[in-house]
Each structure stands twice: as structure tokens, then as C-alpha cells.
Amino acid sequence: MKNQGVTLWLTGLSGSGKTTIAEGVKRELKARSCLVDLLDGDMMRTHLSKELGFSKEDRDTNVRRIGFVASLLSRNGVVAIVSAISPYRAVRDEIRSMTENFIEVYVKAPLEVCEARDVKGLYTKARAGEIKNFTGIDDPYEEPLAPEIVCCTTEESIEESVAKIIAALERLCYIH
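All of these numbers come straight from a predicted model, not from anything done at the bench. (Residues numbered from 1 in each chain as written. Predicted model: local features only at pLDDT ≥ 70, side-chain atom pairs only at ≥ 80, totals over all residues. Heavy atoms only, no water.)

Caption draft 1: Looking closely at helix α7 (residues 158–171). Here α7 is 14 residues long and its end C-alpha atoms lie 20 Å apart, about the 20 Å a rise of 1.5 Å per residue gives. All buried positions along α7 are accounted for by S161, V162, I165, I166, A168 and L169. Around the axis of α7, the buried residues are gathered within 160° of arc, so they sit on the same side. Facing away from the buried surface of α7 by more than 90 degrees, the exposed residues are E159 and R171. Tucked inside the fold, the buried residues of α7 contact β1 (6–11), α1 (18–31), β4 (102–108) and β5 (149–152). (Helix = DSSP H or I, 4+ residues; strand = E, 2+ residues; numbered from the N terminus. Expected span 1.5 Å × (residues − 1). Buried < 20%, exposed > 50% of the residue type's maximum accessible area, 1.4 Å probe, protein only. Arc of directions from axis to C-beta. Contact = heavy atoms within 4.5 Å.)

Below you can see the structure in the form of C-alpha cells.
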């Protein structure tokens, strides 16, 4: 039986655990023989939006591009997993409105935890003024108001977060 396509949109601060959770969900869905693709924010920026900077307008354009690709995939029966900071609520809501099946997952972690997890040193550079418009430091992150799923990565393991998302996909009849 073919699964229904859906866009699974993981949003949260850099270092919150979005990509790690997304990769776990992808592995689980592949093990179930689901059509699945992962659109990682960093990868999409490198290949789809490399000419864009980090102004609000450029971030919005990047998120809209990712949303368009995810929508194309999901309407063709693919579970499109998006892992992108996508800091502005209005653009996430815009993507939701143009996507038939959309699930927002807020990957929640306090800023200080994200900074402690920062393997790339981005927060340190942002605090030193070497990176401008960094989300959570000198650019806002607007938390989702009513996400379908919240994964609190300081309170649950990656495995628990993945299981929570898989259970929601089953409950909502996107996967069997």
C-alpha cells in the first residue's frame, strides 16, 4: 500500500537537533520502504540558494524555495523532510498554506544549550561580531505558535524524538 506524501518541516535554532532527528526519521522511513527525501537547510543553501545572503528577504526566499521543492515532492507521494532553521513564522505559515499535507515540528532547545552544542563555532563567531544576522544572537527566531509536534531535545533522546514523529505520521495516516 502506497503511503501518502507529506512535508515534515523541522524548525528550530542552529544546534537544536533538527538534522540529527531528520536523519533518524529518514532512516526509519526507509526501513519501512517509504519514499522519503531529506532537504537539509545547509545543503539546500549550498545547491539551491548559494547566491543568497542572510538578510530577512534572502532568508525568506531560501525558505520559500525549500518549501516549493518539498511541496512538489510531497504531492507526488514522498515524505519530504525539511530540516531548516526557517526563523520567521510568517514564511513558515505561507509554506503551510501552499502545501497540501504539512506537519510542523518544533525542535526546541534553549539558546545556551544550542551554543554549547555548536561544533562549527558559529555562535562564538556571531557573538564576536564575525557573523552578522545570526539567528538567536542578532536576528530573531520566531517560535511556532501551534506546531503539530514539539521535540524538546534537552528532555528527550534523539530516539524518543524520532519515535514521537513516526508515531504522529502513523496516527495521521501518512505512513502505515
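Caption draft 2: Broad picture of the environment of R59. Among the secondary structure elements, R59 is positioned in helix α3 (residues 56–75). Residues R59 and L111, 52 residues apart in the sequence, show an inter-C-alpha distance of 20 Å. In contact with R59, other than residues within four places in its own chain, are R45, F54, P87, Y88, N133, F134, T135 and D139.

Caption draft 3: Focus on the environment of K132. Mapped onto the elements, K132 comes out in the loop between α6 (122–127) and β5. On the basis of relative accessibility, which here comes to 55%, the residue K132 falls in the exposed class. Sequence separation of K132 and S55 is 77 residues, and the distance between their C-alpha atoms is 9.3 Å. A polar contact is formed between the side chain of K132 and the backbone oxygen of G129, at a distance of 3.2 Å. (Polar contact = N/O pair within 3.5 Å; in protein donor to acceptor, adjacent residues only side chain to side chain.)

Caption draft 4: How the structure looks around the UniProt feature "active site" (unreviewed entry) in the protein. Taking the UniProt record as the reference, the feature "active site" (unreviewed entry) is found at S86. Of note, S86 is situated in the loop between β3 (79–83) and α4 (89–98). Judged by relative accessible area, which is 4%, S86 ranks as buried. In this structure S86 touches W9, T11, V63, R92 and Y141, once residues within four positions along its chain are discounted. (UniProt positions renumbered as here; feature names shortened; annotations may be inferred.)

Caption draft 5: Representation of α1 in the model. In this model α1 runs 20 Å from its N-terminal to its C-terminal C-alpha over 14 residues, within 8% of the 20 Å that 1.5 Å per residue would give. Listed in full, the buried residues belonging to α1 are K18, I21, A22, G24, V25 and L29. The buried residues of α1 occupy an angular sector of 160° when projected down its axis, which confines them to one face. Exposed residues pointing more than 90 degrees away from the buried face of α1 are listed as R27 and A31. Packed against the buried residues of α1 are β1, β2 (36–40), β3, β4, β5 and α7. Looking one or two places after α1, you find S33, whose phi comes out positive at around 65°.

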